[in-house]
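# Geometric and topological summary
Listed here are the chains, written in short residue letters.
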Amino acid sequence: AEEGLAQVELAPALALLLASKDSAELNCIKRAAVFSAVLLTKQLVPRIEGVIDEEARVSHEALAQETEDAFGDPKKLGLNLSAENLEPCYSPIIQSGGAYNLKPSAYSNNANLASGGTITLSLGARFKSYCSNVGRTLLINPSKEQEKNYKLLSELQLEAIDALKVGEKLSAVHAAVLSKLRNKAAHLEKHLTRDCGFAMGLEFREAALLLNAKCEARVKPGMVFNVAVGLADLEAKDVPDASSRKYALFLSDTVLVSEAGANEVITAERAPKAWKDVSYYLNDDEEEEAAKPKSRGRGNVEILESRTRGKDNSKKHVETNEALSGHQGELEARMREEALERLRNGGASSGTSAAQQDTPVAYRDLSQFPNASASGATVRTNQTYVDQRNETVLLPVFGRLVPFHVSTIKSVSKHEEGAWTFLRINFVAPAITGAAQQMPPEAGADAHFIREVTLKAKVATNLNATFRLIKELRKRVVAREKQVALEADLVTQDAIQLIRTGKVHRLRDVHVRPNVGGKKAAGTLELHTNGLRFQAPRGEKLDLLFNNIKLAFYQPAEKEILVLLHFHLHNPIMIGKKKTKDVQFYVEVMEASYALDNARRSGYDPDELEEEQRERQLRNRMNQEFSNFSKKIEDQAKDLEFDIPYRELGFYGVPPHNKSTSFIMPAVNALVELTEPPWFVMPLSDIEIAHFERVVYGLKNFDLVLVFKDFSEKPLHVNAINIEHLDALKTWLDSCNIKFYEGTANLNWNAIMKNINDTGIEGFYEDGGWKFLNMQGSSDEEEEDPDDAESDFEPSGSESEEEEASDGSDEDFTDESDGSEEELGSDESEGQDWDEAEEEAEKDDKKRAREREAKEARESAGQPKKKKKK
């Protein structure tokens, strides 16, 4: 070197300069990472499972060589990659039997693979010289302590991945992991590996960019790390096998640092690491024999007790009801007091009909009576005439024109017989079905009504014109009345106060339902002082004021193709020509359908993988944007809070406004289905009681009826819910302070609500209120021994014989039961396997349940059952 010039090491500076990868480099690294993960899960792990299952003697070195040989033919793994571009970063590392080295420089020894304890695996692949890495730990017959330590290690790795934030020092990653370990299990600190990983690229291990306590380099977007954490030299004292007591735990993944949002773990999806994916429980033959469930045979049909339908369901339901009975009794008393309080305050509805409309009048003054037609001709007293201005039909009666307003006409028809043309006009009258609500308030019980008028003429010109004009006039009047009824409950909203100065928060490229302007088009949702404004591309606007929003929901796109904000309103609004109380803003995060043709790609195709990555990134980004926007709305509206539905409590059922099965989810303030319109939003504050119907032992589904506090509204039905959700729904309703009842049959709720409204709320609760629902299904036919209800399932007619003994009057039922028993006992049933026997028995169960429900429905007819006198 020349005098006066100092020598410096350029490697660290060059490593940091080249650490951020461009799109072409990232593409190579992703391909390498996917190959590493697939090679681990489809080649190495199944091979190890086979060795352990067969109790073969295969060395670690031999397994590593077999894995390395798979680099020569990636198509066997379902990957469309060129073998020329693939090579291992190092020889795969496989360790077991108590000897573990968690350093990257470790190697597979020639000892045989242990059949128990823990097995650590690590391998890395290069694609076009760019590196990747993945590492996992398999645990065979693990103890509780090992399970706890493994889950802790998973949390530590997740902490390290989250700590890789742009601008932070690499030493902060090690500090975050160490801090979490000290809080969770400080005694394991000495077992933690010194480094938490390193940067990768063309070099497998960038020595200048280590995730340890000393590295001062900062994280940049586009950097790729091998995040590897491990716990070495551990000892499981509760493991009976002494050779398996010493163990180690190790996890590593290839992680891409994102500029915004969560970092991308490239190997996580193809190489799962959840506890259920890495733990194996193997039993000895004697233990397996002891663990086998006892079986009973009937003919050649073997019946396992563990596979009987509805095993212990009745017992579980009884236990749930007993646990909730105390609180439910309190809710029943509180419900009665609240209902009577609403009645005293005038807030309860007793089902009164809507306000009557004014009686239509044809002419209020003699001057309005037409003397001449529109063409100027004189109106003749022996011909019909339609006065469109006053919406009146003039009919000749005894030489005079008698006016009839068009709203009094129910229908009109015309036909010909010979030389005559007949015009028949039917009027609204009390005797006509469904016309009672249309009668004017002046209609008395002793009044006379014209039901129909028939006119005939040989020259049909005037009658044809009258027929056509009446049809057109009625169509126009009916449309106007529908529009008036539609807008009857609309409330004039205040004007939205726009933010003129300062920043306006916007959510761009969102769609709205119902569509503004009639066409689906992406627009912009803006947050203003007192509400939200949606602006469509063609200039249409939709305003939602905060004071009209009753409930607000944010539903992220987890298993749906939509991320959405849903608003349930106090008062309906008009969007175009449609009145609605629900408005939804959403973005599709993936295609709703795909074309299935001969060019369908493999699941491991690189282009397919890239497309999945893009969809995943779009879903995460849109979830974050919608979540942030909902928080800004909460800050602006003050008293508005977004509700996120509980997916883990969701269930499939048929909501009242949708004829297809939908996924319904409980939320804090409502029961909702927001994905498929028409939406289902049932606020919990509007529910008086819930009633479970068709809760019968042997049936797979039940129905849920929700009764409104406003008794003038029809109860809502959610049908065909799987019986496995019954106890969870009961517990959830009880936690929401909603009283529920249970019955075995479907009730006639129209008759029940009419009886309640006729009796009045006060009289209804004085007579016991909803307690009559507790007596549903309490007849002698349903009173059976609990031991019988929980008895083992017999594919013969044993249940039918019990029913026959308890109810000998049902001859048809007895005959069918005997036939069923003969059929199952015949020679034709010999040789049946379990599935055939179960299917046949299931049909019998359903048939008996339907007959029992039908009988109960006939007996109850929707009325409360009277208690029997002793």
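The text that follows walks through the structure, step by step, so that each part is easy to find. (Residues numbered from 1 in each chain as written. Predicted model: local features only at pLDDT ≥ 70, side-chain atom pairs only at ≥ 80, totals over all residues. Heavy atoms only, no water.)

### Focus on the packing of helix H4 (residues 144-163) against helix H5 (residues 171-185)
At a minimum axis distance of 8 Å, the contact between H4 and H5 shows a crossing angle of 150°. Of the possible angle classes, the one that applies to H4 and H5 is roughly antiparallel. Two packed elements cross with a definite hand, and for H4 against H5 that hand is right-handed. From H4, Leu-152, Glu-155, Leu-156, Glu-159, Ala-160 and Ala-163 reach across to H5, where they touch Ala-172, Val-173, Ala-176, Val-177, Lys-180, Leu-181, Lys-184 and Ala-185. Taken together, the residues that form the contact of H4 with H5 break down as ten nonpolar, no polar and four charged. (Axes fitted to C-alpha atoms, helices over the stretch in contact; angles between N-to-C directions. Helix = DSSP H or I, 4+ residues; strand = E, 2+ residues; numbered from the N terminus. Parallel < 35°, antiparallel > 145°, perpendicular 65-115°, else oblique. Left-handed = near helix turned anticlockwise from the far one by under 90°. Contact = heavy atoms within 4.5 Å. Nonpolar A, V, L, I, M, F, W, Y, C, P; charged D, E, K, R; others polar.)

### Comments concerning the environment of Glu-612
For Glu-612, the position within the fold is in helix H10 (residues 606-637). A C-alpha to C-alpha distance of 9.4 Å links Glu-612 and Met-590, two positions 22 residues apart in sequence. In this view, Glu-612 contacts Glu-269 and Arg-270; residues no more than four positions away in its chain are not counted.

### Remarks on unusual backbone geometry
Cis geometry marks the peptide bond from Arg-513 to Pro-514, where omega comes out at -5°. With an omega of 0°, the peptide bond running from Pro-677 to Pro-678 counts as cis. As for its placement among the helices and strands, Pro-678 is situated in the loop between strand S30 (670-673) and strand S31 (680-683). Phi is positive for Glu-391, close to 55°, though the residue is something other than glycine. Of the residues examined, Glu-391 reaches a relative accessible area of 14% and is grouped as buried. (Buried < 20%, exposed > 50% of the residue type's maximum accessible area, 1.4 Å probe, protein only.)

### Topic: the pairing of strand S21 (residues 523-527)
Of all five residues in S21, five are buried; the element is thus mostly enclosed. With three bridges connecting them, strand S20 (residues 506-513) and S21 associate as antiparallel partners. Bridging across to S21, Arg-506 finds its partner in Glu-526. Of the strand pairs in this sheet, S21 and strand S22 (residues 531-535) are connected by four bridges, and their pairing is antiparallel. Bridged to Thr-524 within S22 is Gln-535. The antiparallel hairpin formed by S21 and S22 contains three residues in its connecting segment. (Pairing = 2+ DSSP bridges.)

### Re a nonpolar patch on the surface
A cluster of nonpolar side chains, namely Val-8, Leu-10, Leu-14, Leu-17 and Leu-18, defines an oily patch on the protein surface of about 550 Å² accessible area. Overall, Leu-10 belongs to the exposed group, its relative accessible area being 52%. (Patch = residues over 30% accessible without salt bridge, like charges linked within 9 Å, V, L, I, M, F, W, Y side chains within 5 Å. Areas by Shrake-Rupley, 256 points an atom, 1.4 Å probe, with all protein chains shown as cover. Salt bridge = Lys/Arg side-chain N within 4 Å of Asp/Glu carboxyl O.)

### Focus on the sheet that holds strand S18 (residues 420-427)
In space, the three strands of this open sheet follow the order S17-S18-S19, with antiparallel pairing throughout. The strands lining the two open edges of the sheet, one partner per strand, are strand S17 (409-417) and strand S19 (452-457). Neighbour to neighbour, the strand axes of the sheet diverge by 15° on average, direction disregarded.

### Structural notes on helix H3 (residues 60-69)
One turn of the α-helix equals 3.6 residues, which is why residues spaced by three or four share an orientation. All of the buried residues in H3 are His-60, Leu-63, Ala-64 and Thr-67. For H3, the angular spread of the buried residues around the axis is 100°, confining them to a single face. For H3, the secondary structure elements touched by its buried residues are helix H2 (23-54), strand S2 (93-95) and strand S3 (117-123). (Arc of directions from axis to C-beta.)

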